[in-house]
Amino acid sequence: MSEIQNRCCVVGGGPAGVMLGYLLARAGVAVTVLEKHKDFFRDFRGDTVHPSTMQLMKQLGLLQYFLQQPHQVVETVGGVYGNYSFQLGDLRTLSIDTPYIALMPQWDFLNFLSSKAKAYPEFSLRMEHEATGVIEREGCVRGVVVQTPAGEQQIEADLVVACDGRHSRMRQAAALPLKDLGVPIDVLWFRLSKTQNDPLKAVMANINYGKMLILLDRQDYFQAGLIIRKGSFAELQQQGIEQFRHSLQQVAPQLGERVQEIRGWDDVKLLTVQVNRLLQWWRPGLLCIGDAAHAMSPVGGVGINLAVQDAIATANLLWKPLTKGKPRLDDLNRVQARREFAVKATQAVQVMVQNHSIAPALESTAPLKPPFLMRLLKAVPILRVIPAYAAGIGVRPERIHSPDRARL
Ligand SMILES: Cc1cc2nc3c(=O)[nH]c(=O)nc-3n(C[C@H](O)[C@H](O)[C@H](O)COP(=O)(O)OP(=O)(O)OC[C@H]3O[C@@H](n4cnc5c(N)ncnc54)[C@H](O)[C@@H]3O)c2cc1C
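Residues numbered from 1 in each chain as written. Predicted model: local features only at pLDDT ≥ 70, side-chain atom pairs only at ≥ 80, totals over all residues. Heavy atoms only, no water.

A. Focus on the pairing of strand β13 (residues 185–193). When you tally the buried positions in β13, you get seven out of nine residues, the bulk of the element. Note: β13 against strand β16 (residues 221–229), nine bridges, orientation antiparallel. In the sheet register, arginine 191 faces β16, and the bridge partner there is glutamine 223. Strand direction decides the pairing type here: β13 and strand β17 (residues 269–271), joined by three bridges, are antiparallel. Note on β17: the bridge partner recorded for leucine 188 is leucine 270. (Buried < 20%, exposed > 50% of the residue type's maximum accessible area, 1.4 Å probe, protein only. Helix = DSSP H or I, 4+ residues; strand = E, 2+ residues; numbered from the N terminus. Pairing = 2+ DSSP bridges.)

B. Broad picture of helix α8 (residues 303–324). Compared with the 32 Å implied by 1.5 Å per residue over 22 residues, the 32 Å span of α8 between its first and last C-alpha is a close match. A large share of α8 lies buried, amounting to 18 of its 22 residues. One or two steps after α8, the chain reaches glycine 325, where phi turns positive at roughly 145°. (Expected span 1.5 Å × (residues − 1).)

C. Examining the side chain of arginine 26 more closely. Among the secondary structure elements, arginine 26 is positioned in helix α1 (residues 15–26). Here the side chain of arginine 26 touches serine 402 through a polar contact of 3.1 Å, landing on its backbone oxygen. Beyond its immediate stretch of four places on either side in the chain, arginine 26 contacts Leu60, Tyr120, Ile400, Ser402, Pro403, Asp404 and Arg405. (Polar contact = N/O pair within 3.5 Å; in protein donor to acceptor, adjacent residues only side chain to side chain. Contact = heavy atoms within 4.5 Å.)

D. Focus on the pattern of salt bridges. All told, the structure shown has 21 salt bridges when counted by the stated rule. Measuring nitrogen to oxygen at the nearest pair gives 4.0 Å for the salt bridge that ties arginine 26 to aspartate 404. Of this pair, arginine 26 sits in helix α1 while aspartate 404 sits in the segment after α11 (385–392), and the two are 378 residues apart along the sequence. A network of salt bridges, in which partner residues are shared, links Asp310, Arg338, Arg339 and Glu398. (Salt bridge = Lys/Arg side-chain N within 4 Å of Asp/Glu carboxyl O.)

E. Structural detail: the nonpolar core. Core analysis: the biggest nonpolar cluster contains 81 residues, and Met19, Phe66 and Val144 have the highest contact counts within it. Looking at this core element by element, the count peaks at eleven residues for α8. Sequence-distant contacts of methionine 19, defined by excluding residues within four places in its chain, comprise Met57, Leu60, Leu113, Val308, Ala311 and Ile312. (Core = buried A, V, L, I, M, F, W, Y, C linked by side-chain atoms within 4.5 Å.)

Here is the structure:
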């Protein structure tokens, strides 16, 4: 067992962890980011980078390099509800440099960000390092126990930041209390082929026959997400794969014979949606941010962006205390106080959309009538700036105040 001393140990190399590692190292704080996988490649992860995140890239002087990574530009968000086509948001109405969502595979985003972070000597990223528990002394978290290809290690740090996602082992180990907001939906993900000049277009939502299909353009294939009633996957499996293919054609006839590409249930991945948040994000020596502090619903595609905003606020508030040693409990609490309102407000909207728009549509077998708000947004295009702002910029957007040590 070797012991490595560090100012900050970040558990989890997702959007929150890599961004936090980048910003702390940039401010001159020695930081180690632990990621349990050997690379960032994982299928079916959120990949909607919103204007709020791109504005931060601009502030960091990284925007032009970020935009050189493979991505698709999404300017308007809409879909088909029953037979009614709708537009929910138009990002072109926002007066910003990047008035669109960049659909960038998360592994490209993380590879990009970590490659920039590695330019700072204080940054260390350790792949295939899985934190399995916390080291505690006198009621305070002092570091983590890590499983590595070379065996078990202990990493001691003034602060452990749990960025290990919605199934966070760190928050479990710290026994922090969690509030579950309940979710009526799950998502089934699968791939469909794409040809050159494909007539099939990406769509935010096809809603019909008690199902909702989202189709994301991944350049050389489509990533499809079928939103179903929570817990109904077993029922669908019992009905058989042929019936599943048929129901896909019902909800989105434009898929045509492409549904035959789903050969069996191995081609379909269930993602159990959760919406929850910690009542307290910290305890002595440990802070949770990103999905580890608040699992977000896929509604609005805001999860990555909120995780990044948490990282910005954490670096803004903690870089200075960390240069001196262990942050005080007050410092940790200030991070929660800064970010909690944005999380609560965003989750409240997500839960409202899930419960009042998506769940009733999934229950209904009758022909769907578009809700009033949908018709209003179609009739009065200028109003589409409101959802565009809510999703694209969000509540309480952060700006970076942690310094770039190289420029001090
Ligand atoms: C079905 C679905 C669709 C979604 N779609 C979108 C979308 O389109 N847009 C969007 O913005 N958000 C989306 N989200 C949400 C988004 O993926 C998350 O909110 C976001 O990735 C959270 O970032 P994070 O860094 O907090 O955690 P994560 O992205 O979950 O990253 C956690 C990292 O920690 C690592 N890790 C876990 N445990 C350990 C450990 N013990 N030791 C070391 N490493 C560990 C993991 O391997 C992972 O890399 C979606 C979520 C779901 C469920």
